[in-house]
Amino acid sequence: MKFFNNGMKTPCGEIHIVKDRCKGCGFCVTYCPMDVLELSDEFNTKGYHFPEVKNPENCINCGLCEMLCPDFAIWSTLKEEKEVIEVLT
Amino acid sequence: MIENIEGTHPIDSLLREGSIPFVWCPGCGIGTVVNTFVETLEKVKIDLGKVCVSSGIGCTGKVADYLKINCCNESHDNAIKCAVKFKLENPETKVVVFLNDADFIASGADDFIEAGKKGVELLVIYINNFIYIISECKVTPTTPFVRTLDDENLELPFNIPHLAKLCGARYVARWTTLHVRRLMYSITDALENPGLAVIEVISPCLMYYATDGKIGETIDRMRFFHNNTVIKHGEPTENLDIRLQDKIIMGRFVDK
Ligand code: SF4
Ligand code: SF4
Ligand code: SF4
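Residues numbered from 1 in each chain as written. Chains lettered and ligands numbered in written order. Predicted model: local features only at pLDDT ≥ 70, side-chain atom pairs only at ≥ 80, totals over all residues. Heavy atoms only, no water.

Chemist: Got a sec to walk through the overall build of chain A? Specific residues and values, please.
Modeler: Counting its secondary structure elements, chain A contains two helices and six strands. Overall, chain A shows an N-to-C arrangement of helices and strands of β-β-α-β-β-α-β-β. The burial tally for chain A puts 40% of its 89 residues in the buried class. Sequence-distant contacts, at least 24 apart, represent 68% of the contacts inside chain A between residues at least 6 apart. Of the roughly 4700 Å² of accessible surface on chain A, a fraction of 53% belongs to carbon and sulfur atoms. (Helix = DSSP H or I, 4+ residues; strand = E, 2+ residues; numbered from the N terminus. Buried < 20%, exposed > 50% of the residue type's maximum accessible area, 1.4 Å probe, protein only. Contact = heavy atoms within 4.5 Å. Areas by Shrake-Rupley, 256 points an atom, 1.4 Å probe, with all protein chains shown as cover.)

Chemist: How would you sum up the site of ligand 1? Please name residues and give values.
Modeler: Contacts to ligand 1 come from A:Ile15, A:Cys32, A:Pro33, A:Met34, A:Val36, A:Cys59, A:Ile60, A:Asn61, A:Cys62, A:Gly63, A:Cys65 and A:Ser76. Partitioned by chemical class, the residues of the shell around ligand 1 number nine nonpolar, three polar and no charged. (Near = heavy atom within 4 Å. Nonpolar A, V, L, I, M, F, W, Y, C, P; charged D, E, K, R; others polar.)

Chemist: Give a detailed account of the nonpolar core, specifying residues and quantitative values.
Modeler: A general tendency of soluble globular proteins is for nonpolar side chains to be buried together. Residue and element names in this part refer to chain B. Formed by 37 residues in total, the largest nonpolar core has its most connected members in Phe-37, Leu-67, Phe-98, Leu-123, Ile-125 and Ile-199. Of all elements in the fold, only α1 (29-44), β2 (51-55), α2 (63-66), β4 (94-99), β5 (123-128), β6 (171-176), α7 (180-192) and β7 (197-202) reach the threshold of two or more residues within this core. Sort the elements by how many residues they give to this core and α1 lands first, with six residues. Excluding residues within four positions of it along the chain, Ile-125 makes contact with Val-33, Phe-37, Val-96, Val-97, Phe-98, Leu-99, Ile-187, Ile-199 and Val-201. Among the nonpolar cores identified, the runner-up in size contains 30 residues, and Cys-72, Phe-112, Val-120 and Leu-163 belong to it. (Core = buried A, V, L, I, M, F, W, Y, C linked by side-chain atoms within 4.5 Å.)

Chemist: Please give an account of the interface of chain B and chain A that cites residues and values.
Modeler: Opposite the 37 residues of chain B that make contact, chain A presents 32 residues. Taken together, the two surfaces of chain B and chain A that pack against each other cover about 2900 Å², and 61% of this comes from carbon and sulfur. Counting the contacts that link chain B with chain A gives one salt bridge. Linking chain B to chain A there are seven residue pairs in polar contact (both at pLDDT 80 or more). Of the residues belonging to the side of chain B that touches chain A, the class tally is 18 nonpolar, 12 polar and seven charged. (Buried area = accessible area lost by both parts, 1.4 Å probe. Salt bridge = Lys/Arg side-chain N within 4 Å of Asp/Glu carboxyl O. Polar contact = N/O pair within 3.5 Å; in protein donor to acceptor, adjacent residues only side chain to side chain.)

Chemist: So what's going on with the packing of aromatic side chains? Residues and values would help.
Modeler: If you walk through the whole model with that rule in mind, you get eight aromatic pairs over all chains. Three or more aromatic residues joined by ring pairs form one cluster here, namely A:Phe72, B:Phe22, B:Trp24 and B:Tyr66. (Phe/Tyr/Trp six-rings, centres within 6.5 Å; stacked < 30°, edge-to-face > 60°.)

Chemist: Describe in detail the pairing of β4(B), supporting the description with residues and values.
Modeler: Residues and elements named next belong to chain B. Summarising burial for β4: six of the six residues are buried, a large majority. The side-chain alternation of β4 yields two buried faces, one formed by Lys-94, Val-96 and Phe-98 and the other by Val-95, Val-97 and Leu-99. The sheet contact formed by β2 and β4 spans five bridges and is parallel. Bridge pairing links Cys-52 to Val-95 in β4. The pairing of β4 with β5 spans four bridges and is parallel. If you follow Val-96 over to β5, its bridge partner there is Leu-123. (Pairing = 2+ DSSP bridges.)

Chemist: Please give an account of the site of ligand 2 that cites residues and values.
Modeler: As a structural note, the neighbourhood of ligand 2 is formed by A:Cys22, A:Lys23, A:Gly24, A:Cys25, A:Gly26, A:Cys28, A:Pro51, A:Cys69, A:Ala73 and A:Ile74. In the shell around ligand 2, the residues fall into seven nonpolar, two polar and one charged.

Structure below.
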């Protein structure tokens, strides 16, 4: 097995959620490609289950949750860029 | 990280104060389309003073109320007419019209055909929710294959991309609310197009249409899009009837 770094960097995102805007549709949770989010057991002030961050280190700042959300309740910002280490077997 | 602060979303600056919460039902596609449109405007760095938005009636009619962008609404159900008038008076401005079944194909069809004939530069984003919500859930000229609360549809639905092409549209595309990234690229292309551009976004109404068991609510509707759509760029527009094939064909059909 070889490890090498080809100089590419992968972005790391940070998720922000305004929980009282959320209407609990679950699009962000279902379509996040990295399985970062989950629906909370708690209710917000409107009575919907809002999303929570389950695996914060997985987020790649792709912005899909931000674009799918119909209520402008979730967005991601770039936190840092990590160097990619590819594993060849 | 959970925050609870209003007004911190990066594109809140493009929404009017007090517009959130939106009036739309949880998971309605109109919100997703507005979100994608606003993100596209941010991304292409267009001069917002040169953009004008118009919308008509019904649920889609609220779009122009919520956006903090110039707006040329005049009155009930003549969105295209206002937009054409505004465009002819202000040729520098990019006019974007958000339409639904009623003011695009039912009462606004003559205005649309005239706009195509004149070759006016407009971007029409047509949100096809398959039903008249305010007029007691009646079928529309685009309702395909199932019954609604009051009516059964015995007619063939309109093939919107074909009509748009025949009217002289220079950019025609169709997407669903699941394909937001492709919709974003389409809006970017259409904003640059110097003619009439029509983008149809399929977004069945969650409350009155999609609940019949075939499409399903919120997340089931997204799964329906996932399983029942196929992307074919450049498909001849006469094949794009929603009723006649088992999969809904999407893509960019005309670009010239
Ligand atoms: S930005 Fe992408 S990876 Fe991060 S939570 Fe949203 S959808 Fe998931
Ligand atoms: S997409 Fe938006 S409204 Fe839907 S669950 Fe996620 S944060 Fe809430
Ligand atoms: S009634 Fe239908 S189209 Fe109108 S907001 Fe609700 S789901 Fe959307």
